[in-house]
Amino acid sequence: MAKTFDQYFDEVRDTRVWRSIFRSGTGSSTLKRSLAIQQNVFLHLFSTKVRRRMLSFSATWYLGTLTFGTFVILVTTGILLMLYYHPSVPQAYADTKDLQFVVSSGLFLRNLHRWSAHAMVFLVFAHMFKVFYRGAYRPPREFNWVIGIVLLLITLLLSYTGYLLPWDQLAYWAITVGSNIASAVPVFGDKIHFLLLGGNLVNANALLRFYVLHCMILPLTAIFFIAIHFWRIRKDGGLYAQPSEPSTLTRAVLAKEGQ
Amino acid sequence: MPDEKLKKHEIQSEPGGTFSRRQFFMTVGMGSLSTAAAGTAVFAYQFLSPNVLYEPSPVVNAGKPESYAMDSVTLDVNSGIYLIRAKEGFFALGAVCTHLGCLTAWKPESGIIACPCHGSKFKRDGEKIEGPAPKPLPWLRTWLSDDGDLLVDRSTTIRPMEFLRV
């Protein structure tokens, strides 16, 4: 009798190497499946059990997941773009053009980075509106809403700092205008402007500061808050279900699914 | 067991002493941490403020006065100033918009200075006509060097209508 794929997979899962990596062991009982989530460093942030309703498209439109997807694309393409980009005044613009016209697949990666950035800003807002209109911000999830606002601000700051890096006219004047808005802060405005740019003008120091913010400080901060954001979903009792939506599977729902 | 708890309690408030050993170490510890935190904040602020800036000098050499025609408005894009020769004399205006720092442009056909970013408009003497700009364009200190060149100090503003007669 030929073995099915599942049987082969079970054999692999039973090997010593596999079991040294994944501790939950073989078998597909509810306990084993829970342990597979709970004992994985990445998956343990999430709930071990999810209401089936919450996995349907209409519940969330997958907006949070899609936002995270664009973030992953942005990190990946961003790291690759860093291999050709020098954050210096004589080179920044030329490197941007090299990426477009000289580097193999450079145009694709740059455009992917750019469009994903636009998509992420759009998705972050769409996610916020979906959560708002669904009422999923209400207690006990109010703190996760606050973390979401922090992530919204980080997303906008990532967009803003990335805007300067091509070092063209659009970038230069956008950052001139944007940093002057920062000087409108009462009392400390001019100090903030000076610290942000590392000088009085949008110049070499500003380019380097925005580069470090864009490639290191803001992405690391974002990852930190994304982790808390995901973990809070579990801590706050899973994704929000409306009162009309069954919190547990009723016999009627099970019967319907059986069809 | 209750006796032990009582003893611990007694240590915290020894008779005669106003300060228990634990309180003393707590104060010293928190004090050191606060001092270190304050020092770190000062250190971070000083580190992030550059002490030397490689920015262009605020004083700009605008060349010989004769090179400017009567009633002309000349924009120097690199230094961001207008050098204007009026009947009353020479004066220099900062060309950077007082709204959000865009470079304005002289419109000879309408005789005004306009900002491309948010539509602020100024008269030739810097006075605001309209737009979001909160202030007029500043008059900059202008004088003649020993060689007879026009010099403009972009960091020093003067009161309007103080013309330089050559």
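Residues numbered from 1 in each chain as written. Chains lettered and ligands numbered in written order. Predicted model: local features only at pLDDT ≥ 70, side-chain atom pairs only at ≥ 80, totals over all residues.

**Quick notes on the overall build of chain B**
Across its full length, chain B carries 2 helices and 10 strands. For chain B, the succession of helices and strands along the chain, N to C, is α-α-β-β-β-β-β-β-β-β-β-β. Each of the 166 residues in chain B was classed as buried or not, and the buried ones make up 19%. For chain B, the share of sequence-separated contacts (at least 6 apart) that also reach a separation of at least 24 residues comes to 37%. (Helix = DSSP H or I, 4+ residues; strand = E, 2+ residues; numbered from the N terminus. Buried ≥ 20, exposed ≤ 12 C-beta atoms within 10 Å, placed from the backbone. Contact = placed C-beta atoms within 7 Å.)

**Details of the overall build of chain A**
Each helix and strand in chain A was counted, giving 12 helices and 0 strands. In chain A, the succession of helices and strands from N to C terminus is α-α-α-α-α-α-α-α-α-α-α-α. Its C-alpha atoms give chain A a radius of gyration of 24 Å, clearly above 18 Å, the size a compact globule of 259 residues would have. Projected onto the principal axes, the alpha-carbon positions of chain A cover approximately 70 × 45 × 30 Å. For chain A, the proportion of its 259 residues judged to be buried stands at 20%. (Rg over C-alpha atoms; globule rule 2.2 N^0.38 Å.)

**Comments concerning the confidence of the model for chain B**
As a note on interpretation, predicted positions should not be read in detail where pLDDT is low. Counting all residues, the mean pLDDT for chain B is 89, and 90% of those residues have values of 70 or more. ipTM for the predicted complex: 0.76, alongside a pTM of 0.84. (pLDDT = per-residue confidence, 0-100.)

**Brief notes about the pairing of strand β2 (residues 72-76) of chain B**
All names here are of chain B. Relative to strand β3 (residues 81-86), β2 is paired through 5 bridges, and the arrangement is antiparallel. Paired with threonine 74 across the bridge in β3 is leucine 83. Between the antiparallel neighbours β2 and β3 lie 4 residues, among them glycine 80 with a positive phi of about 70 degrees. (Pairing = 2+ DSSP bridges.)

**Points about the packing of helix α5 (residues 63-82) of chain A against helix α7 (residues 106-134) of chain A**
Residues and elements named next belong to chain A. It is at 8 Å that the axes of α5 and α7 come closest, and there the two elements cross at 155 degrees. It follows that α5 is roughly antiparallel to α7 by the angle criterion. The way α5 lies across α7 gives a crossing that is left-handed. For the contact of α5 with α7, the residue count by class is 15 nonpolar, 8 polar and 2 charged. (Axes fitted to C-alpha atoms, helices over the stretch in contact; angles between N-to-C directions. Parallel < 35°, antiparallel > 145°, perpendicular 65-115°, else oblique. Left-handed = near helix turned anticlockwise from the far one by under 90°. Nonpolar A, V, L, I, M, F, W, Y, C, P; charged D, E, K, R; others polar.)

**Focus: the sheet that holds strand β8 (residues 128-130) of chain B**
Residues and elements named next belong to chain B. Within the open sheet, the 4 strands sit side by side as β5-β6-β7-β8. Their pairing is antiparallel. Of all strands in the sheet, those with a lone pairing partner are β5 (105-107) and β8, marking the two edges. Note that strand β6 (residues 112-114) and strand β7 (residues 121-122) share 2 bridges and pair antiparallel. Across the sheet, the residue bridging to alanine 114 is lysine 121, located in β7.

**Here's the deal with helix α8 (residues 142-164) of chain A**
Residues and elements named next belong to chain A. Taking 1.5 Å of rise per residue, 23 residues should cover 33 Å, and α8 covers 34 Å from first to last C-alpha, within 8% of that figure. Of all the positions in α8, only Asn144, Gly148, Leu151, Ile154, Thr155, Leu158, Thr161, Gly162 and Leu164 are classed as buried. Close packing links the buried residues of α8 with α7, α9 (169-182) and α11 (204-235). (Expected span 1.5 Å × (residues − 1).)

**Remarks on the environment of Tyr84(A)**
All names here are of chain A. Turning to its location among the elements, tyrosine 84 is positioned in the loop between α5 and α6 (89-101). For tyrosine 84, a count of 15 C-beta atoms within 10 Å gives the class partly exposed. When the C-alpha positions of tyrosine 84 and leucine 220 are compared, they lie 21 Å apart, and in sequence the two are 136 residues distant. Dropping the residues within four chain positions of it, tyrosine 84 is found in contact with Asp95, Asp98, Leu99, Val103 and Gly106.

**Looking at the nonpolar core**
Soluble, globular proteins show a tendency: their nonpolar side chains are buried together. With 17 residues, the main nonpolar core has Ile81(B), Tyr82(B), Leu83(B), Ala92(B) and Leu93(B) as its most contacted residues. Listing elements by their share of this core, those giving two or more residues are β3, β4 (89-94), β9 (139-144) and β10 (150-158) of chain B. Leaving out residues up to four positions away in the same chain, Leu93(B) has contacts with Ile81(B), Tyr82(B), Ile84(B), Gly126(B), Leu137(B), Pro138(B), Trp139(B) and Leu140(B). Grouped together as the second largest cluster of nonpolar side chains are 14 residues, Ala206(A), Phe210(A), Tyr211(A) and Cys215(A) included. (Core = buried A, V, L, I, M, F, W, Y, C linked by C-beta atoms within 7 Å.)

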